[in-house]
Amino acid sequence: MKKKMAPDDKAIAPGSTIGVIGGGQLGRMTALAAARLGYRCHVYCPEADSPAFHVAQATVAAYEDEAALARFAEAVDVVTFEFENIPAETVRILSQHVPVRPNWRALETAQDRLVEKSFFNSLDIATAPWRPVLDRAGLGRAVAELGRPCVLKTARFGYDGKGQVKIEETTDLDQAWAGMGGQPAILEGFVDFEREVSVVVARGLDGNAACFDVVENRHRHHILDVTIAPAPIPHRLAGQAQDVARRTAHALELVGLLAVEMFIGKDGRLLVNEMAPRPHNSGHWTIDACLTDQFEQLVRAVCGLPLGCPERHSDAVMTNLIGEEVNQWLPLLAQKGARLHLYGKSEVRAGRKMGHVTRLRPRSDNMTNH
Ligand code: AMP
């Protein structure tokens, strides 16, 4: 028996339950935003000790557990994701019971760097030059074509620089290929970038899109360290970046959030690196600095509500608290203007995102390019 399933074009009203696949900090912050609008969240995650479980109803089960998935789908009114590496079968089972937003195509495209880069290029959106690499011989050919330096990445399941190696003049290709563990990979030309930027766009059930301002991201050891909002780039370039995000979301017919990461080359060219059809670390600043934040936009989008205004009311610098940095919580709380967000993770580990802090400044311009 189907319970409370709203037709696709009807709003899912406050009081309903949003199902979230994945129980990390993104799921946690989604649940907090949902609660503010009167929704409940039910989080599905295989790890019992998940930060989102502190603020939502929980199902602890494997993504392959068909019975648990079916029970979960029956108990919620819509399903969304806080990460994209979900098996196709999981999404298929959920879709039999309940609307799943964003759609499978968006997840599938973002799961594989080869599919993703082909997709961007098919929309005439520029990326670094790239080649698929399926074996050691293919790596030799691809390196000869693209030249060194270049970057070899596993096509799937890479994040925060994992499954990725820079190939310099002296890098041994046997070793580089061994690092891929025999999995399909992509070789990308190395981008000598001026800065890295990203854009988060929300797209509603009615096809309307709302873009947050473009931000600059600085990484440390391949992990996002600082996000600067707005990115100190010309308006023309910011407009281009937002246009890329909007076009991508429309092409995917995505309902929910899409984050697009890009390089700005030393030559001023915009090159897309990757996308994520979910809330994004580089969008955390919006909680404190925008009229509507990325998590509320996600709730609005997947529930078929009108999107909120994404306008930035303040400039912001968001700093991630990685590993032991979280132990600074007391002095951070004492800092005037520092907004502290902790994710409630029980164990501090090196490289683990434990929280973030956002510092606001008065808004620097009148950019209303949404
Ligand atoms: P990714 O996992 O693709 O997001 O890559 C992680 C980080 O590695 C990026 O944020 C960049 O700082 C760097 N990176 C990735 N690909 C390239 C590239 N083709 N050229 C230069 N730097 C890159």
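Note: the structure precedes this text.
As the structure is a prediction and not an experimental result, all values here were calculated from the model. (Residues numbered from 1 in each chain as written. Predicted model: local features only at pLDDT ≥ 70, side-chain atom pairs only at ≥ 80, totals over all residues. Heavy atoms only, no water.)

**Q** Describe the environment of glycine 204, listing the residues and the values that go with them.
**A** Along the chain, glycine 204 turns up in the loop between β9 (193–203) and β10 (209–211). Since its relative accessible area comes to 1%, glycine 204 is described here as buried. Other than its neighbours up to four places away in sequence, glycine 204 contacts Val255, Ala301 and Leu307. (Helix = DSSP H or I, 4+ residues; strand = E, 2+ residues; numbered from the N terminus. Buried < 20%, exposed > 50% of the residue type's maximum accessible area, 1.4 Å probe, protein only. Contact = heavy atoms within 4.5 Å.)

**Q** Before we move on, can you summarise the pattern of salt bridges with the specific residues and values?
**A** A side chain with one charge may pair with a side chain of the opposite charge, provided their charged atoms come close. Taken as a whole, this structure holds 24 salt bridges when the rule is applied. Between arginine 156 and aspartate 112 there is a salt bridge, and its shortest N-O distance comes to 3.5 Å. Taken together, the positions of arginine 156 in the loop between β6 (150–154) and β7 (164–167) and aspartate 112 in the loop between α4 (104–111) and α5 (113–122) put the pair 44 residues apart, joining distant regions of the chain. A relative accessible area of 31% places arginine 156 in the partly exposed class. In this structure, arginine 312 engages aspartate 315 in a salt bridge whose closest nitrogen and oxygen atoms are separated by 2.9 Å. A single salt-bridge network, built from bridges that share partners, covers Arg36, Asp293, Glu296 and Arg300. (Salt bridge = Lys/Arg side-chain N within 4 Å of Asp/Glu carboxyl O.)

**Q** I'd like a rundown of the sheet that holds strand β3 (residues 57–60), residues and numbers included.
**A** If you trace the 4 strands from one edge of the open sheet to the other, you get β3-β2-β1-β4, paired in parallel fashion. Looking along the sheet, the strands with just one partner apiece sit at the ends: β3 and β4 (78–81). Averaged over neighbouring strand pairs, the angle between their axes works out to 25° when direction is ignored. Inspection of the sheet shows strand β2 (residues 40–45) paired to β3 by 4 bridges, in the parallel sense. Within the sheet, the bridge partner assigned to tyrosine 44 lies in β3 and is threonine 59. (Pairing = 2+ DSSP bridges. Axes fitted to C-alpha atoms, helices over the stretch in contact; angles between N-to-C directions.)

**Q** Can you explain the nonpolar core? Please cite residues and give values.
**A** The biggest cluster of nonpolar side chains holds 48 residues, and the ones touching the most others in it are Ile18, Ile21, Tyr44, Val79, Leu94, Trp285 and Cys303. Mapped onto the domain boundaries, this core takes at least three residues apiece from domain 1 (17–100) and domain 3 (193–362). Beyond its immediate chain neighbours, meaning those up to four positions away, leucine 94 contacts Ile21, Leu69, Phe72, Ala73, Val79 and Val100. Counting residues in each nonpolar core, the second largest holds 27 residues, with Ala106, Ile125, Val244 and Met262 among its members. (Core = buried A, V, L, I, M, F, W, Y, C linked by side-chain atoms within 4.5 Å. Domains from an automatic or database assignment.)

**Q** Talk me through the site of the ligand; I want residue IDs and the actual numbers.
**A** Inspection of the region around the ligand gives 15 residues, with Arg113, Lys153, Val191, Glu196 and Glu274 positioned closest. Contact distances for the ligand include 3.1 Å between an oxygen atom and a side-chain N or O atom of glutamine 164. The contact in question runs from a nitrogen atom of the ligand to an N or O atom on the backbone of valine 191, over 2.8 Å. Listed by contribution, the elements that provide at least two residues to the shell around the ligand are β6, β8 (185–189), β9 and β14 (270–276). (Near = heavy atom within 4 Å. Polar contact = N/O pair within 3.5 Å; in protein donor to acceptor, adjacent residues only side chain to side chain.)

**Q** Which residues make up the packing of α4 against α5, and what values do they have?
**A** Orientation of α4 relative to α5, taken along the N-to-C sense of each, is 110°, at an axis distance of 5 Å. By the angle class used here, α4 and α5 are roughly perpendicular. Counted together, Arg105, Thr109, Ala110 and Gln111 of α4 and Arg113, Val115, Glu116 and Phe119 of α5 form the full contact between these two elements. Grouping the constituent residues of the contact of α4 with α5 by class yields 3 nonpolar, 2 polar and 3 charged. (Parallel < 35°, antiparallel > 145°, perpendicular 65-115°, else oblique. Nonpolar A, V, L, I, M, F, W, Y, C, P; charged D, E, K, R; others polar.)

**Q** Account for the packing of aromatic side chains, with residues named and values stated.
**A** Taken as a whole and assessed by the stated rule, the structure comprises 5 aromatic pairs. An angle of 25° between the planes, with centres 6.1 Å apart, marks the rings of tyrosine 44 and tyrosine 63 as stacked. Linking tyrosine 44 in strand β2 with tyrosine 63 in the loop between β3 and α2 (66–75), this pair joins segments that are 19 residues apart in sequence. The exposure class of tyrosine 44 is buried, given its relative accessible area of 0%. Judged by centre distance (5.9 Å) and plane angle (45°), the rings of tyrosine 63 and phenylalanine 83 are tilted. One end of the pair, tyrosine 63, is in the loop between β3 and α2; the other, phenylalanine 83, is in the loop between β4 and α3 (88–95), with 20 residues separating them in the sequence. (Phe/Tyr/Trp six-rings, centres within 6.5 Å; stacked < 30°, edge-to-face > 60°.)

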